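# Geometric and topological summary
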Amino acid sequence: MTIRKYLTEFGLHMRASNIYIVQQDTLEILNELEISDENEKFQINPCHIYMITRQPRITLDTESSKIEGQFIKGRLKIQQKDTYKYIGFEYPMPSDSYDLSIYCHYPYTEIILKDDQGTERFRFTSTQLLADMMKTTQYSDNSNTREFLELISFEVLYIGQSFGREGSRTALDRLLKHETLQKIYSKSINQSPDQEIWLFLLNFEQTKIITIDPLQEYYGTSLDDNNRHLEKAFLEEISEDQKINFTEAALIRYFQPEYNKIYKINFPSSEHKTYSECYELDINTISFEIETQRTGCIIKSTQVPPKWVHLAEFPLHSSEERKSMLDLKILEKQDNELSNP
């Protein structure tokens, strides 16, 4: 019989606190912001995890698009190989201070709003317009269905990280010169011209999770051992680079991206030195959470359906070796009571 090792078990939960979604031509601009004093938030919350994704190409149907009062109205075209899915929209104007007109030239992915003097006032992509509509649900088609979410979702192709000495390297540093990214771009241009490549830059924050289960009949350690473990887990911290390492590994294990090779099968493992501190601290479980509804961009992979919230946990030990910290006696009791009323 597998038993719980400690009365009090600990886990580490990594939550994506900041998400930036960009394309390759924006990386240089962000890199300049990161090394300047102009974007304090970007410096305080550096992104060490990145995802390379693809999404169907979204363009503006220029023939149907117009400005009426305080709204931009028209249709977006979502490309599927050589066909299109049309989505009608009615979107609030970014400002009522100017008399604006719409300008959108081939390939119709970038929308520019100019005033009556021809001065550019706003610029955004068709994808950003759709993302904003998804955040505010202000789009004319009632399309919040599984088929629609599948159509507009971003498919995760590759997950990576960049940390460097004491966090000196970020995802931006890595992506500016990235062989896999260039390989994906090249393949996409040749084989999937109906899709675009997008980059997700993520910053994660850690939370310690604790469960106490006093209803177990047996434990693998004494109460004194439990108290020492409790003190150690509270006082000691996993280093930042190892947090990034196990977060990257957990994401790869979960999404199973096409272009990743390691961690897709053999994670977690005590043989991996890149997050060995988790085993030294005797952590029970590690987990992650990514919520993207605030960005309006939903993500998926070939193995994971599109969802606004992706949440996964990974016990560091097999069920034969040790009970998961979430395998609680009180839950077993409740299940039995529900099964046998």
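This report concerns the structure included in the present document. This structure is a prediction, so every number in the text was calculated from the model and none was measured.

## Description of the pairing of strand 5 (residues 83–92)
Note that strand 4 (residues 71–80) and strand 5 share 10 bridges and pair antiparallel. When the sheet's bridge partners are listed, Gln80 is paired in strand 5 with Thr83. Count of turn residues in the strand 4/strand 5 antiparallel hairpin: two residues, of which Lys81 carries a positive phi of about 55°.

## Here's the deal with the packing of aromatic side chains
To describe a pair of aromatic rings, you give the distance between the ring centres and the angle between the ring planes. With the rule as written, the count across this model stands at 11 aromatic pairs. For the pair Phe154 and Phe200, a centre-to-centre distance of 5.3 Å together with 75° between the ring planes defines the contact as edge-to-face. Here Phe154 is found in strand 9 (residues 154–161), whereas its partner Phe200 is found in strand 10 (residues 195–212), with 46 residues between them in sequence. Here Phe154 matches Phe200 in class, with each residue buried. Aromatic pair Tyr254 and Phe255: ring centres 4.7 Å apart, planes at 85°, arrangement edge-to-face. Phe255 carries the same exposure label as Tyr254, and that label is buried.

## With respect to the side chain of Ser269
Mapped onto the elements, Ser269 comes out in the loop between helix 8 (240–255) and helix 9 (276–280). With a relative accessible area of 16%, Ser269 lands in the buried category. Leave out the neighbours within four places in its chain, and Ser269 touches Tyr275 and Tyr279.

## A few points about the environment of Ser153
If you trace the backbone, Ser153 turns up in the loop between helix 4 (146–152) and strand 9. Residue class for Ser153 comes out buried when judged on its relative accessible area of 1%. Considering only alpha carbons, one finds Ser153 and Cys297, 144 residues apart in sequence, at a separation of 6.8 Å. Setting aside residues no more than four positions away along its own chain, Ser153 makes contact with Arg54, Gln55, Pro56, Ile298, Lys300 and Pro306. Among the polar contacts listed, one links the side chain of Ser153 to the side chain of Lys300, at a separation of 3.5 Å.

## Description of the pattern of salt bridges
Under the counting rule described, the total for this entry stands at 20 salt bridges. Its salt-bridge partner being Lys300, residue Glu150 comes within 2.6 Å of it at the nearest N-O pair. Of this pair, Glu150 sits in helix 4 while Lys300 sits in strand 12 (residues 299–300), and the two are 150 residues apart along the sequence. Overall, the relative accessible area of 34% leaves Glu150 in the partly exposed class. Here Lys300 falls in the buried class, since its relative accessible area comes to 12%. Bridged by salt links that share partners, the residues Lys5, Glu9, Asp282 and Arg322 form one connected network.

## Overview of the nonpolar core
Met51, Leu202, Leu251, Phe255, Ile286 and Ile290 are the most contacted members of the largest nonpolar core, which totals 41 residues. Secondary-structure elements contributing two or more residues to this core are strand 1 (8–22), strand 2 (49–56), strand 9, strand 10, helix 8, helix 9, strand 11 (285–291) and strand 13 (309–315). No other element matches helix 8, which puts eight residues into this core. Every residue in contact with Met51, bar those within four places of it in the chain, is listed here: Val156, Tyr158, Ile159, Trp198, Leu199, Phe200, Leu202, Leu251, Phe255, Ile290 and Ile299.

## A short note on the sheet that holds strand 4
Within a beta sheet, neighbouring strands are joined by backbone hydrogen bonds and run either parallel or antiparallel to one another. Here three strands make up an open sheet; going across it, the order is 3-4-5 and the pairing antiparallel. Of all the strands in the sheet, just strand 3 (58–68) and strand 5 have a single pairing partner and so form its edges. Averaged over neighbouring strand pairs, the angle between their axes works out to 20° when direction is ignored.

## Quick word on unusual backbone geometry
In the segment running from Tyr106 into Pro107, the intervening peptide bond is cis, with an omega of 10°. Residue position: Pro107 is located in the loop between strand 6 (101–103) and strand 7 (110–114). Each neighbour pair has its own omega, and for Phe267 with Pro268 the value is -5°, a cis peptide bond. Locating Pro268 in the fold gives a position in the loop between helix 8 and helix 9. One non-glycine residue with positive phi stands out, namely Lys81, at about 55°. Of the residues examined, Lys81 reaches a relative accessible area of 68% and is grouped as exposed.

Rules used throughout
Residues numbered from 1 in each chain as written. Predicted model: local features only at pLDDT ≥ 70, side-chain atom pairs only at ≥ 80, totals over all residues. Heavy atoms only, no water. Pairing = 2+ DSSP bridges. Helix = DSSP H or I, 4+ residues; strand = E, 2+ residues; numbered from the N terminus. Phe/Tyr/Trp six-rings, centres within 6.5 Å; stacked < 30°, edge-to-face > 60°. Buried < 20%, exposed > 50% of the residue type's maximum accessible area, 1.4 Å probe, protein only. Contact = heavy atoms within 4.5 Å. Polar contact = N/O pair within 3.5 Å; in protein donor to acceptor, adjacent residues only side chain to side chain. Salt bridge = Lys/Arg side-chain N within 4 Å of Asp/Glu carboxyl O. Core = buried A, V, L, I, M, F, W, Y, C linked by side-chain atoms within 4.5 Å. Axes fitted to C-alpha atoms, helices over the stretch in contact; angles between N-to-C directions.

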